[in-house]
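# Per-entry structural report
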Amino acid sequence: MILQWLRKEVADTFLATVREMPPMSVPPASFEAGRNQHSSTKILKELLGEVPKDALKLLGITGMDLCIPILTYVFGEAQLGGTAAVVSTARLRQEFYGGAPDRPLFLERVRKESLHELGHTFGLIHCRSGECVMHLSNTVVDVDAKGRNFCTYCRTVAASNAGGGSGK
Ligand SMILES: [Zn+2]
Ligand SMILES: [Zn+2]
C-alpha cells in the first residue's frame, strides 16, 4: 500500500515518527462542480480540524484532482509554516497522460510532492536549486527532473523552523 511506503519515506527524511490515520472522506464542500475538481484550500481547512493533539503536521493524500482558483490544477497545497498539507495523486500517474502504469515512477512522484508540501509546512519556500525537492514543479516533467531530497540550505531552514535543534 502506498501510504505504508510513504510513511517510512517521510519518517526517514524528517527523522520523525509518522502515523497513518484512518481514511477521511473528501469534504463535499470542496467539490468544484464547474471544474470537476476539488479545492485544495477547502480540503486543507478540513484537515486542520483533524490534526491530532500530539501531531506536529498532518499530510492528506487524495486521489482526487485538486485545483485553486488561479491554476488549472495543483499537485498539492500546504500552509506555509503551518500544520496541514495535501497532495493529489491524480496527475502523478502515467495513466493520466495516456501512458502505461509505472509504479516506481508513481511512487517517486508521490514521495517528492509529499516532501515538498511538508517542506512548506516547515516554512520552506520554493528553492532555486533543481537538485532540491523544494524546486517548483508545474508539471510531472518538472517533478521527474528535480532532486528527491532537500538541499542543505532547505534542510537547515526546515530544521531551525521545526525548533528541533541539531541533526533533524
Ligand atoms: Zn510548492
Ligand atoms: Zn532547497
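Heads up: these notes are all about the structure in this document. (Residues numbered from 1 in each chain as written. Chains lettered and ligands numbered in written order. Predicted model: local features only at pLDDT ≥ 70, side-chain atom pairs only at ≥ 80, totals over all residues.)

### Considerations on the sheet that holds strand 1 (residues 31-32)
Strands pair in a sheet through their backbones, by hydrogen bonds, and they do so in one of two ways: parallel or antiparallel. Put simply, the rule is: Strand pairing requires that DSSP identify at least two bridges connecting the strands. Numbered from the N terminus, helices here are DSSP runs of H or I no shorter than four residues, and strands are runs of E no shorter than two. Placing C-beta atoms from the backbone, we regard two residues as in contact once those atoms come within 7 Å. Each axis is a line fitted through C-alpha atoms, taken for helices only over the stretch in contact, and angles between the N-to-C directions span 0 to 180 degrees.
Reading across the sheet, the four strands line up as 1-2-4-5 and stay open at both edges, with mixed pairing between neighbours. Of all strands in the sheet, those bounded by a partner on one side alone are strand 1 and strand 5 (71-74). Sitting on the sheet, helix 2 (residues 40-48) touches strand 2 (37-39), strand 4 (66-68) and strand 5, and the angle it makes with strand 2 is about 50°.

### Remarks on the packing of helix 1 (residues 2-14) against helix 3 (residues 103-121)
Quick note on the threshold: Angle categories: roughly parallel below 35 degrees, roughly antiparallel above 145, roughly perpendicular from 65 to 115, and oblique for all the rest. It is the rotation of the near helix from the far one that decides the hand of a crossing: anticlockwise by less than a right angle makes it left-handed, clockwise makes it right-handed. By the convention adopted, Pro, Cys, Tyr, Trp, Phe, Met, Ile, Leu, Val and Ala count as nonpolar, Lys, Arg, Asp and Glu as charged, and the other residues, Gly among them, as polar.
The contact between helix 1 and helix 3 brings their axes to 10 Å, and the two run at 50°. By the angle between their directions, the pair helix 1 and helix 3 is classed as oblique. Relative to helix 3, helix 1 is oriented so that their crossing is right-handed. On helix 3, the residues touching I2, W5, L6, E9, V10 and T13 of helix 1 are L107, V110, R111, S114, L115 and L118. Classifying every residue of the contact of helix 1 with helix 3 gives eight nonpolar, two polar and two charged.

### Some points on the nonpolar core
To keep it simple, the criterion reads: In plain words, the nonpolar core is the set of buried Ala, Val, Leu, Ile, Met, Phe, Trp, Tyr and Cys residues that C-beta atoms within 7 Å link up. Note on burial: count the other C-beta atoms lying within 10 Å of the residue's C-beta; 20 or more is buried, 12 or fewer is exposed, in between is partly exposed, and C-beta positions come from the backbone.
The biggest cluster of nonpolar side chains holds 30 residues, and the ones touching the most others in it are A85, V86, M134 and C154. Listed by contribution, the elements that provide at least two residues to this core are helix 2, strand 3 (58-62), strand 4, strand 7 (84-88), helix 3, helix 4 (140-145) and helix 5 (152-162). Setting aside anything within four residues of it in sequence, one finds A85 in contact with K57, L59, G76, A78, E117, L118, H120 and T121.

### Details of the sheet that holds strand 3
Here we have three strands laid out as an open sheet, ordered 3-7-6, and mixed in their pairing. Two strands lie at the open edges of the sheet, namely strand 3 and strand 6 (76-78), each paired on one side alone. Along the sheet, successive strands turn relative to each other by an average axial angle of 10°, direction set aside. Bridge count between strand 6 and strand 7: three bridges; the pairing is antiparallel. Paired with E77 across the strands is V86, a residue of strand 7.

### Observations concerning the environment of Y153
Mapped onto the elements of the fold, Y153 is located in helix 5. The class of Y153 is partly exposed, set by 14 C-beta atoms lying within 10 Å. C-alpha of Y153 to C-alpha of R19: the two residues are 134 residues apart in sequence and 27 Å apart in space.

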